[in-house]
Structure formats: structure tokens, C-alpha cells
Amino acid sequence: MMSVLEYANDVNRTLEEILKKCEELNIYVSSADDMLSEDDIVILDNADFDDELIDEIIENIKVDDSVSTQKLKKKSEIKEVKEVKTSNKKEFAQKKKEMYKNKEKLMSNSSDENVVLYKENMTVGDLAKALGVNAGELVKKLFNLGIMATINNAISFENAEVLILDYNKELKREETRDVSNFEEYEIIDDEANLVKRPAVVTIMGHVDHGKTTLLDTIRKTDVASLEAGGITQAISAYQVKVKDNHITFIDTPGHAAFTEMRARGASITDIIIIIVAADDGIMPQTEEVIDHAKAAGVPILVAINKIDKPEANVERVLTQLTEHGLTPDTWGGDTIVTKISAKTGEGVDELLDNILLVAEMNNYRANPNRYAVGTVVESRLDKHLGPIVTVLVQNGTLRLGDPIVVGTAFGKIRTLKNDKGQDLTETVLSQPVEITGLNEVPQAGDKFMAFESEKQARSIAETRKEAARLKDLTPASAVTLDELFSKIKEGAKEINVIIKTDVNGSAEAVKNSLEKLDVEGVKVNVIRSSVGAITESDIVLARASGAIVIGFNVRPNNALKDYAKEQGVEIRLYDIIYKVVEEIEAAMKGMLDPEYEEQVIGTAEVRKIFKFSKVGTIAGSYVTDGVIKKDAKARIIRDSVVIYDGEINSIQREKDSVKEVKKGLECGITIENYNDIREKDIIEAYEMVEIKR
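Predicted model only: the values in this text are computed from it and were never measured.

Colleague: Describe in detail the overall build of the chain, supporting the description with residues and values.
Modeller: The number of helices and strands found in the chain is 21 helices and 31 strands. Per-residue burial for the chain yields a buried fraction of 46% across its 693 residues. Relative to all contacts within the chain whose residues are 6 or more apart in sequence, the contacts with residues 24 or more apart total 72%. Here the chain has roughly 35,800 Å² of accessible surface; of this, 47% comes from carbon and sulfur atoms.

Colleague: Mind laying out the pattern of salt bridges, listing which residues take part and the relevant values?
Modeller: Under the criterion given, the structure shown has 31 salt bridges. Among the ionic pairs, Arg13 bridges to Glu17, the shortest N-O distance being 3.4 Å. Judged by its relative accessible area of 28%, Arg13 falls in the partly exposed class. Across the salt bridge formed by Glu684 and Arg635, the nearest N and O atoms sit 2.9 Å from each other. One end of the pair, Glu684, is in strand S31 (residues 682–691); the other, Arg635, is in strand S26 (residues 633–638), and 49 residues separate them in sequence. Overall, Glu684 belongs to the buried group, its relative accessible area being 3%. If you follow the salt bridges from partner to partner, you end up with Arg555, Lys561, Glu598, Arg635, Asp645 and Glu684 in one network.

Colleague: For helix H14 (residues 314–323), give the residues involved together with the corresponding values.
Modeller: Restricting attention to buried positions, one finds in H14 the residues Val314, Val317, Leu318, Gln320 and Leu321. Buried residues of H14, viewed axially, fall in a sector of 160°; they line one side. Its buried side turned inward, H14 meets strand S9 (271–277), strand S10 (300–305) and strand S11 (336–339). Positive backbone phi, approximately 80°, marks Gly325, located one or two places after H14.

Colleague: Which residues make up the sheet that holds strand S21 (residues 522–531), and what values go with them?
Modeller: Read from one edge to the other, the open sheet built from five strands follows the order S20-S21-S19-S22-S23, with strand pairing classed as mixed. Both outer strands of the open sheet, strand S20 (518–519) and strand S23 (571–574), are each paired with one neighbouring strand and no more. Here strand S19 (residues 494–501) pairs with strand S22 (residues 548–552) via five bridges, running parallel. Bridged to Ile499 within S22 is Ile550.

Colleague: Explain the sheet that holds strand S13 (residues 373–382) residue by residue, including any values.
Modeller: Within a sheet, each strand pairs with its neighbour through backbone hydrogen bonds, oriented either parallel or antiparallel. Taken together, six strands build a closed barrel; the order of strands is S13-S14-S17-S16-S15-S18 and the barrel is antiparallel. Taken over all neighbouring pairs, the strand axes of this sheet differ in orientation by 45° on average, direction set aside. Where strand S15 (residues 403–406) meets strand S18 (residues 447–450), three bridges bridge the pair, whose relative direction is antiparallel. In the strand pairing of S18, Val406 is matched with Phe448.

Colleague: How would you sum up the nonpolar core? Please name residues and give values.
Modeller: Membership of the largest hydrophobic core comes to 27 residues, with the highest contact counts inside it found for Leu214, Ile247, Phe249 and Ile355. Counting residues per element, the ones that place at least two in this core are strand S6 (199–205), helix H10 (211–220), strand S7 (237–242), strand S8 (245–250), S9, S10 and helix H15 (348–362). A total of seven residues in this core trace back to one element, the largest contributor, which is H15. Every residue in contact with Phe249, bar those within four places of it in the chain, is listed here: Val201, Ile203, Leu215, Ile218, Ser236, Ala237, Tyr238, Val240, Leu352 and Ile355.

Colleague: Break down unusual backbone geometry for me, with residues and values.
Modeller: When glycine is set aside, most residues are seen to have a negative phi, and most peptide bonds are trans. Although it is not a glycine, Asp631 adopts a positive phi angle of roughly 70°. By the element assignment, Asp631 lies in the loop between strand S25 (616–629) and S26. Even without a glycine there, the phi angle at Ser640 is positive, about 70°. Here Ser640 shows up in the loop between S26 and strand S27 (641–653).

Colleague: Explain the packing of aromatic side chains to me, and be specific about the residues and the numbers.
Modeller: In this structure the tally under the stated criterion is three aromatic pairs. On the numbers, 5.8 Å between centres and 25° between planes, the contact of Tyr238 with Phe249 is stacked. Of this pair, Tyr238 sits in strand S7 while Phe249 sits in strand S8, and the two are eleven residues apart along the sequence. When sorted by exposure, Tyr238 lands in the same class as Phe249, which is buried. Judged by centre distance (4.3 Å) and plane angle (15°), the ring pair of Tyr644 and Tyr674 falls under stacked. Here the residue Tyr644 occupies a position in strand S27, and Tyr674 occupies one in the loop between strand S30 (666–671) and S31, the gap between them amounting to 30 residues. Using a relative accessible area of 21% as the deciding quantity, one classes Tyr644 as partly exposed. For the cation-ring pair, Arg635 lies above Tyr686, with the distance from its terminal atom to the ring centre recorded as 4.1 Å.

Colleague: With reference to specific residues and values, describe helix H13 (residues 284–296).
Modeller: A rise of 1.5 Å per residue sets the reference length of H13, with its 13 residues, at 18 Å; its end C-alpha atoms lie 19 Å apart and thus fit the reference within 8%. Every buried residue of H13 is accounted for by Thr286, Val289, Ile290, Asp291, His292 and Ala293. Once H13 finishes, Gly297 follows within two positions and takes phi at roughly 70°, a positive value.

Colleague: An account of the environment of Ser530 is needed here, citing residue identities and associated values.
Modeller: Locating Ser530 in the fold gives a position in strand S21. Sequence-wise, Ser530 and Val503 are 27 residues apart; in three dimensions their C-alpha atoms are separated by 8.6 Å. Sequence-distant contacts of Ser530, that is, excluding residues within four places in its chain, are made with Ile499, Lys500 and Thr501.

Colleague: Any chance you could break down the side chain of Thr248 for me, citing the residues and the numbers?
Modeller: Counting through the fold element by element, Thr248 comes out in strand S8. The class for Thr248 is buried, based on a relative accessible area of 0%. Of note is the side chain of Thr248, whose polar atom sits 3.1 Å from the side chain of Gln239. Polar contacts involving the side chain of Thr248 include one to the main-chain carbonyl oxygen of Ser430, which spans 2.6 Å. Leaving out residues up to four positions away in the same chain, Thr248 has contacts with Pro198, Ala199, Val200, Val201, Tyr238, Gln239, Leu392, Ser430 and Pro432.

Rules used in this analysis
Residues numbered from 1 in each chain as written. Predicted model: local features only at pLDDT ≥ 70, side-chain atom pairs only at ≥ 80, totals over all residues. Heavy atoms only, no water. Helix = DSSP H or I, 4+ residues; strand = E, 2+ residues; numbered from the N terminus. Buried < 20%, exposed > 50% of the residue type's maximum accessible area, 1.4 Å probe, protein only. Contact = heavy atoms within 4.5 Å. Areas by Shrake-Rupley, 256 points an atom, 1.4 Å probe, with all protein chains shown as cover. Salt bridge = Lys/Arg side-chain N within 4 Å of Asp/Glu carboxyl O. Arc of directions from axis to C-beta. Pairing = 2+ DSSP bridges. Axes fitted to C-alpha atoms, helices over the stretch in contact; angles between N-to-C directions. Core = buried A, V, L, I, M, F, W, Y, C linked by side-chain atoms within 4.5 Å. Phe/Tyr/Trp six-rings, centres within 6.5 Å; stacked < 30°, edge-to-face > 60°. Lys NZ or Arg CZ within 6 Å of the ring centre and 35° of its normal. Expected span 1.5 Å × (residues − 1). Polar contact = N/O pair within 3.5 Å; in protein donor to acceptor, adjacent residues only side chain to side chain.

So yeah, pure geometry; function would need other evidence.
Here you go:
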């Protein structure tokens with residue numbers, strides 16, 4: 001609750017405006033200090049304050065003998081706009097009135113309807129309400145047990161447990177932390193309550209291959225949008241109507257952001273469409289998109305775009321798709337491929353039909369009779385309205401006034417708008433909507449859940465905030481080689497790995513060797529195998545997929561090592577193929593013995609080369625990190641690829657031979673039996689340290 005004055009300041013309007021609007025809406029307040037209820041606030045939030053402005057515009061258009069036809073037309077148009085706005089306002093007000101009048105309670109998001117939660121200081125009346133029986137009935141039962149109690153008396157857990165035996169229910173103590181972790185909270189719905197829901201689709205692909213054009217074309221085919229008076233997209237997610245069915249599209253900024261959301265537990269996509277330009281074919285970014293899409297574990301459709309261009313080569317694209325494990329359906333595979341021109345619209349209807357076909361085959365269903373759960377698509381902060389959040393409702397119904405927890409934020413739904421900016425009183429399944437009313441801005445990918453009371457939502461949000469704080473203090477964890485055996489014992493059937501190598505031949509050899517491993521029905525699943533340095537994209541994908549990153553003759557820089565450590569992703573580095581296979585196989589069998597692990601002690605950048613006939617090549621270097629020691633093992637890294645691995649032979653500093661040089665100092669370094677050192681090479685010194693298993 002808040003006072004009228006507080007509300008006026010909150011929405012940046014005058015006190016007089018708010019009092020006048022309250023009078024129009026039959027909200028009984030008369031001064032700045034009068035209190036507004038939560039329902040009053042929701043009604044005011046959805047009220048239209050712009051009618052007076054339109055009236056003023058119309059009055060200011062003076063009609064006289066010299067007035068132009070254009071001005072008359074403008075006046076007529078503004079009147080028409082006002083009539084439409086007035087009609088829409090009345091319709092929405094009536095919907096709100098009906099909703100508040102008949103606001104039936106939704107089903108609680110509980111995993112077991114036969115479980116009654118015992119809350120602290122629970123009264124006999126509270127227990128009766130939870131059981132759905134008359135409170136007097138429980139009072140009589142307690143009397144028969146020799147316990148004198150009234151409806152408002154507290155009841156102990158033990159006495160409540162005895163009472164509910166007669167109702168075939170189970171009593172459990174309420175543990176807020178269980179419900180607060182609703183990302184892992186399984187909602188079990190009765191089959192009778194499940195109904196068909198629209199599929200949620202994400203389109204991804206290489207830059208300039210036509211993703212934006214395709215999304216625009218699909219929006220223009222939405223008849224419902226045209227009937228509503230335009231196709232303006234208010235948020236980055238929207239629904240289109242296709243042959244009496246709806247499809248929800250999520251407009252993501254790219255595969256990295258998509259995978260980052262997956263890493264945070266946000267599995268919002270039912271179907272992924274990979275768009276490939278017929279004139280360009282599969283590009284490096286397309287390869288990454290395919291890896292990320294496969295790792296998501298959802299159906300993949302391919303749209304070959306720009307077939308109208310003279311240089312289009314569809315057959316080449318089909319061949320490339322097969323090489324990347326996506327065999328087209330026309331070639332006997334299971335990947336549905338559609339040839340389209342996003343520019344002309346050719347093939348777009350067929351693509352939409354294929355989406356409906358996949359949706360029908362997968363039978364996506366949900367329960368509209370529950371309190372809503374879903375995911376944040378995007379969020380921003382508005383200086384007048386506060387946090388504005390786009391959410392996708394994945395199960396249940398979200399309504400005006402519902403208490404909600406989003407990530408670590410909470411609040412009551414004050415406004416609810418669809419993708420066309422229209423006010424709603426409640427949502428439908430798989431519907432993206434824009435909401436206000438939260439106390440802070442959540443992150444994209446945060447899960448949300450609506451609750452029965454604001455008190456419960458606040459308590460759960462505080463619990464989640466504290467859990468998030470503690471989690472920040474603890475490094476994240478994906479999976480390590482040492483944990484493989486325990487994962488297998490827990491029932492894991494696939495071990496995910498990402499392979500990065502110096503040359504293509506090594507990539508194929510390592511991939512083929514690992515995929516042949518089969519220990520007690522558990523196989524290695526290579527979700528990415530490519531040439532080049534380990535990148536941040538690899539770490540994000542590894543985190544989202546619980547994968548181990550295997551580097552063969554490539555080295556991550558210090559910044560990437562720190563990022564991988566922060567994300568809890570293990571990077572294993574090798575230079576011999578059989579060692580990779582041996583260690584993975586041993587880990588799968590639970591036989592990974594204690595071993596020595598390298599520990600990087602320092603790095604130096606080569607800045608100048610000095611060559612002497614008796615000494616060989618001396619690398620004039622600057623120590624950028626740690627310490628460089630004489631006789632330490634060292635590798636030469638050029639463009640993130642290891643070109644030599646040996647030992648440091650000598651270190652020279654200011655004409656003196658020294659044992660070590662620390663960070664920030666310059667020195668001359670010679671490498672034993674190696675002289676092909678160049679400027680900008682990195683010398684990485686390391687020691688072998690025994691690790692405990």
C-alpha cells in the first residue's frame with residue numbers, strides 16, 4: 001500500500017491528476033494522505049491519463065472559413081483515435097472489473113496436491129483451509145482427543161499430523177528454501193488439466209544471412225497483428241497466428257547470449273531454426289550456431305535463405321549441412337530443410353507449416369490453471385516506470401496483481417502488456433508479455449514464479465538473494481575429469497567434451513579416438529571440435545553443457561584461464577593423442593590415479609632477438625606474470641599455438657647470470673636446443689606439481 005501523494009510521485013504525475021483519475025475510477029480517496037490498496041494501484045497503473053491531452057489537441061484545431069482540408073482531416077483522424085482509445089479503455093476496464101470480481105484461485109505450484117504444508121504458528125483455521133474442510137470439524141476432532149482449542153488457536157505439528165490422517169493427506173513442514181529454488185522445482189500436472197500450447201521458436205544464424213529480414217516477414221504474415229491496427233513489435237518476443245495455431249518467436253541477440261541463458265538454467269526454446277544464406281553457405285559463425293543448437297537438445301530446422309539470388313547454390317549448402325551432422329530430410333535424414341527467400345516471402349509459409357508439424361509431433365502442453373512460471377527474455381530500467389521486464393509464460397496463467405518472484409526480485413504485477421503494447425488482464429500459455437511492478441531489474445534468463453501472497457513472494461525473494469550472495473562466494477562448477485566416474489555412477493550416459501586443436505588433422509584424430517570409447521554403456525559426446533585457440537565462446541558452451549574442454553597443442557591465455565576457473569570449467573591440455581584417450585578412459589572406469597599436473601609459474605613476452613654464434617639465440621624478454629626460473633620447463637607459444645616444449649637453459653640480467661626473474665623486469669632467456677624464437681612469442685615457464693585425487 002502507498003498514499004496518493006507517494007503514488008503521484010512514483011508515476012511522475014501531479015496530485016490533482018491522480019485524485020481526478022481516482023474519482024473517475026470510483027476509487028474512494030480525497031486527500032494526499034489517503035491510502036491506496038494494491039488493487040487500486042493496479043487499476044491506476046492501467047488507467048489512461050492521455051484523454052485530456054487528446055481533448056486539448058482537438059480543441060486547439062480551430063475550424064474557420066480558411067481552414068484547409070488537411071486540417072479537417074487531421075481533426076477527424078484525432079477524433080477517430082480518441083474514439084478507438086475510449087472504446088479500448090472501456091473494454092479493458094470491463095475485463096479488469098470481471099477479473100477482480102471473479103478472480104478464482106489458481107492451483108498452487110506444488111509438486112504434490114496430497115501434501116499439506118505445516119507453517120510456523122499455523123492455526124486450526126489455517127489447517128482447515130488447507131484441508132478444504134469446516135474449521136468446526138477440526139475443533140470437534142481435537143476435543144475428542146482431549147485438546148481444547150478454538151479456530152484461532154495455534155496447533156502443533158504433531159497434533160496436525162494426527163488430524164490429517166482422516167483425510168488421506170501427508171503433513172510436511174514448510175521449507176521456504178525448497179520452493180525458493182524453483183528452477184529445480186518439478187511441477188507435476190494432472191493429465192486432465194494439460195492443454196496444447198504454442199511452440200517457442202528461436203532463429204539463429206551467421207550475420208547478414210537474413211535472420212532479421214525473416215523475422216520481419218513472419219511478423220507481416222501475422223493476420224492478428226494487422227487486425228489489431230498494425231504490426232509494431234513492442235518487445236523482443238511475439239506470437240503470430242498461423243492457420244488457427246499460434247507460434248511464439250524469441251528474438252535473441254546471438255548464439256552466445258542464447259547459450260549463456262541456457263547456462264543459467266533457462267531452457268526457453270522448443271525449436272531452433274538455423275538460417276543459412278544460399279550464396280554464402282555455412283560460415284564459421286554458422287558452425288558455432290550448429291554446435292550450440294545441438295547442445296540445447298531440441299529439434300533443429302534449417303532455412304536456406306536468399307534462394308532468389310543468381311549466385312545461390314542450394315546443393316552446396318545441403319552438402320555442408322550433411323558434413324556438420326544435419327542430414328536433410330530430402331536426402332533421407334531427419335533434419336527438415338526449407339528453401340526460402342525472406343525478402344520476397346517465398347517459402348516462408350512452408351517454413352511456418354514445418355514448425356507447426358514439429359510442434360504437433362512433440363505435443364507441447366501445459367496447464368493454464370496454475371500460478372505462472374516462466375523465464376525473463378530481457379529487462380531494462382525506465383526512470384518513470386521502474387523495472388520493465390519481458391517474460392515468457394511457460395506454464396500457468398499470469399494475471400494483474402499476482403505476487404511474483406523473478407530471480408532475486410519480487411513485486412506485484414502492476415501492468416501487463418502483450419507484444420503489440422496492448423493492456424492485458426491475464427496471459428495465455430507460451431505468451432511473451434511485458435510487466436512492471438518489480439523492486440529491482442532481473443537478468444535475462446532468470447526464472448520467475450507467481451505465488452498466492454505477497455508475503456510469501458517477499459520471503460522467497462529474500463531467501464534467493466541470500467543464496468545468490470553465497471553462490472557468488474563459491475566458484476561455479478561444471479564437471480571435471482575426476483568427477484566423471486561419480487557422474488557415471490549417478491546415471492550419466494554421455495560425457496560432453498569440447499576439442500580445440502592446432503591443426504584439422506589433430507581435431508579429427510582426437511574426436512574419432514574419443515568417440516570410439518565405450519565404458520559400461522557410457523560414451524563420449526563431442527559437442528564441438530574445431531581448429532584454433534580456446535575462446536570464451538567455448539567456455540560458455542562448456543558451462544551450459546557440463547563439458548570438459550580439451551586443448552591439443554593450443555594454450556589459453558591467462559585471462560581465459562581465469563574466466564574458465566570462474567565458470568567452473570576444466571581445461572585439460574595435451575600434446576600426445578594417446579594420453580588424451582588414456583586419461584578419459586581411465587576416468588570413465590574410475591581408475592584415474594594420482595598424477596603430476598603442470599603449474600604455470602610465469603610468462604614472458606619476447607620483445608627483441610639477439611643472435612650469437614657461441615650462445616645461440618637470446619630472447620630479450622619482459623616478464624608479464626609470475627616468475628621465470630632457470631632450468632624450469634618452458635614452452636614457446638606463437639599465436640596461441642604451442643610450437644616448442646623444452647627447458648630454460650639460462651637467464652641473463654644486466655650482464656649477470658641469475659636463477660630467476662620476477663614480474664615487471666626484463667631479461668635475456670635462452671631455451672635449451674631451440675633457437676627459432678621470434679619477437680612477440682610467449683615463453684611460458686611451468687613446474688610439475690603432484691595433485692591429490
